[in-house]
2 protein chains.
Amino acid sequence: MEENKPLILVANDDGITSRGIRHLVKLMQKLGEVVVVAPDSPQSGKGHAITIGDTLRLDEAEIFDGVQAYTCSGTPADCVKLAKHYVLKDRQPDLVVSGINHGSNTSISVLYSGTMSAAIEAAIEDLPAIGFSLCDYDHRAELDHADDIILDIAKNVLKNGLPKGVALNVNIPPKQNERLKGYKICRQARARWQEEFNQRFDPYGRRYFWMAGNFVNFDKSEDNDEWVIANNYASVVPCLFDLTAHHAISMLNESWENK
Amino acid sequence: MEENKPLILVANDDGITSRGIRHLVKLMQKLGEVVVVAPDSPQSGKGHAITIGDTLRLDEAEIFDGVQAYTCSGTPADCVKLAKHYVLKDRQPDLVVSGINHGSNTSISVLYSGTMSAAIEAAIEDLPAIGFSLCDYDHRAELDHADDIILDIAKNVLKNGLPKGVALNVNIPPKQNERLKGYKICRQARARWQEEFNQRFDPYGRRYFWMAGNFVNFDKSEDNDEWVIANNYASVVPCLFDLTAHHAISMLNESWENK
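To start, this report covers the structure provided alongside it. These figures come from a predicted structure and were not determined experimentally.

Calculation notes
Residues numbered from 1 in each chain as written. Chains lettered and ligands numbered in written order. Predicted model: local features only at pLDDT ≥ 70, side-chain atom pairs only at ≥ 80, totals over all residues. Heavy atoms only, no water. Helix = DSSP H or I, 4+ residues; strand = E, 2+ residues; numbered from the N terminus. Rg over C-alpha atoms; globule rule 2.2 N^0.38 Å. Buried < 20%, exposed > 50% of the residue type's maximum accessible area, 1.4 Å probe, protein only. Contact = heavy atoms within 4.5 Å. Areas by Shrake-Rupley, 256 points an atom, 1.4 Å probe, with all protein chains shown as cover. Lys, Arg positive; Asp, Glu negative; His and termini not counted. Charge placed at Lys NZ, Arg CZ, Asp CG, Glu CD. Pairing = 2+ DSSP bridges. Axes fitted to C-alpha atoms, helices over the stretch in contact; angles between N-to-C directions. Core = buried A, V, L, I, M, F, W, Y, C linked by side-chain atoms within 4.5 Å. Phe/Tyr/Trp six-rings, centres within 6.5 Å; stacked < 30°, edge-to-face > 60°. Least-squares fit on C-alpha atoms with pLDDT ≥ 70 in both.

Helices and strands together make up the secondary structure of chain A, namely seven helices and eleven strands. At 19 Å, chain A has a C-alpha radius of gyration in line with the 18 Å of a compact globule built from 259 residues. Dimensions along the principal axes, computed over C-alpha positions, put chain A at roughly 60 × 50 × 50 Å. Each of the 259 residues in chain A was classed as buried or not, and the buried ones make up 62%. For chain A, long-range pairs separated by at least 24 residues make up 76% of all intrachain contacts whose partners lie at least 6 apart in sequence. Roughly 10,900 Å² of accessible area belongs to chain A as shown, and the carbon and sulfur atoms make up 46% of that amount. Where the 27 positive side-chain charges of chain A centre and where its 36 negative ones centre are 2 Å apart.

All names here are of chain A. Sheet architecture is open: nine strands sit in the order β3-β4-β2-β1-β5-β6-β7-β11-β8, paired in mixed fashion. Each edge of the open sheet carries a strand with a single partner, namely β3 (58–60) and β8 (183–185). Across the sheet, the mean angle separating the axes of adjacent strands is 20 degrees when strand polarity is ignored. The sheet contact formed by strand β1 (residues 7–11) and strand β2 (residues 33–39) spans four bridges and is parallel. In the sheet register, L7 faces β2, and the bridge partner there is E33. Sheet strands in contact with helix α1 (residues 19–29) are β1, β2, β5 (95–102) and β6 (129–134), and its direction is about 145 degrees off that of β5. Lying on the sheet, helix α4 (residues 114–124) is in contact with β1, β5, β6, β7 (166–172) and β11 (234–240); it crosses β6 at an angle near 170 degrees.

Once that is clear, we can look at the nonpolar core. A general trend in soluble globular proteins is that nonpolar side chains are found buried together. Of all hydrophobic cores here, the largest spans 86 residues; its most connected members are V37 and L58 of chain A together with V37 and L58 of chain B. For L58 of chain B, the residues in contact, after removing those within four places along its chain, are R207 and F209 of chain A together with V37, Y70, T71, C72, L82, Y86 and V87 of chain B.

Residue and element names in this part refer to chain B. Counting buried positions along helix α2 (residues 76–87) yields twelve of twelve residues, so the element is predominantly enclosed. P76, A77, D78, C79, V80, K81, L82, A83, K84, H85, Y86 and V87 are the residues of α2 that are buried. Two residues or fewer past α2, K89 is found with a positive phi of approximately 45 degrees.

With respect to topology, nine strands assemble into an open sheet ordered β3-β4-β2-β1-β5-β6-β7-β11-β8 (chain B), the strand pairing being mixed. Here the strands that pair on one side only, and so sit at the sheet edges, are β3 (58–60) and β8 (183–185) of chain B. Averaged over all neighbouring strand pairs, the angle between strand axes comes to 20 degrees, with direction disregarded. Where β8 of chain B lies against strand β11 (residues 234–240) of chain B, three bridges are found, and the strand directions are parallel. Pairing of K184 of chain B across the sheet is with S235 of chain B, part of β11 of chain B. Packing against the sheet, helix α7 (residues 246–255) of chain A makes contact with β7 (166–172), β8 and β11 of chain B, and its axis sits at approximately 130 degrees to β11 of chain B. Where helix α1 (residues 19–29) of chain B meets the sheet, its contacts fall on β1 (7–11), β2 (33–39), β5 (95–102) and β6 (129–134) of chain B, and the angle it forms with β5 of chain B comes to roughly 145 degrees.

Attention now moves to the packing of aromatic side chains. Residues and elements named next belong to chain B. Applying the stated criterion to the full structure yields eight aromatic pairs over all chains. For the pair F197 and F209, a centre-to-centre distance of 6.4 Å together with 90 degrees between the ring planes defines the contact as edge-to-face. Of the two residues, F197 is situated in strand β9 (residues 191–201) and F209 in strand β10 (residues 207–217); the sequence distance between them amounts to twelve residues. Given a relative accessible area of 13%, F197 falls into the buried group. Classification of F209 as buried rests on a relative accessible area of 0%.

Our next topic: the relation of the copies chain A and chain B. Relative to chain B, chain A is turned by 180 degrees and slid 0.0 Å along the rotation axis, the superposed coordinates differing by an RMSD of 0.0 Å. What we have between these two chains is a two-fold relation. Same-surface contact between copies: 100% of interface residues of chain A are shared with the interface of chain B.

Now the structure itself:
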């Protein structure tokens, strides 16, 4: 009986001791056998970075009850690579989940997100994968209001798989008085971060900066993740790792000279 | 007269002292006024990482003749953000170029590439942008065989702009006896890295790993960057930063239960 349980790999970018991964591990234990490979330190904003030209550490961590777990010194993408090719080797996970991230990964933030890079790395390896993020930057934020939805989405992916080359970017609104309305499958909103650089001087008089900024949403329609979150649904954006702008190939071929 | 010269921002991921950026700066000086903001240390494989939760340094570097240049302690994407919002402020670059990278960024490597993250970050900011990479990992490799092609592509982008939300990923074959045949606008090949983890032990008996691996190309057609490079053309892949798998939205809506 035990052998028929699906194998679920859990990673994240906030590090193995974060509350988000702990919550996700508990949820996934309801669905299958869980193995965790997660960064030994926070990796927020690491995008799809990988460790080349430097060494990687991988150590067992006995911090989850009844779960095989490892800390990795690298990035979220490194964690998935090490899990697939070293920790699990001949065992193929039935599902890879990443998160729950403390903070939003809607819209353009998918590019900067370590949470989603773990999921996209799994998709590159032909594994069904989901990144979960909570749109609340408070590390003590409540995490349990979307349990049913997280389990529903994971069950659907375990049952149906995902289209080839696709990973899911799931964002969850912060807990509110009104109950979460459900989830909507939608597209990435057209929005970006408008950076401001806060200039300071260190005790030696040398200048440094903090990057800060505001999120600016240019998207006025209702079929995108920003609208969905603002209306108290979880958003599910299917994401590609093939970045080709197919429509642009013919446009450029027509307009360019000297080819 | 001087005022009408286009303003060209140059970034890279190998760091400001690399031969590749030096070569690109010289080429771009033929087309306009050049400003450089580049990492103060190598940032290969950093993907679309940005620096959050840590400080950034930005210092003037007088290492290019007649060119305003800065080193940045952050990632390639940080360099473009600092250049746009702090160094150039009210001046808008007419073109952003990144590279020339020492090593290939074809196919799936576009995701791991710091070179391309600088270009994609510029595209997010609505700036026409191109990443240039040489498919030769030797840091002493010859860089001059594609000068005409690099200038042609940059001139075409300066003249025609690029479709909204698109950055170009240009890869150049290594210098060969046969002259470079030209360039082809094409799509990202279906290929991935098959990792192998080389296990070693440090002088204290503790285990560590080197990530190594082979590039595996599953793509048998001729309209992709791997074929193009193998046939001694430069490849030009237009890349998107909207990752939405639009075809998958209706597929998932039809097959999923409990929405």
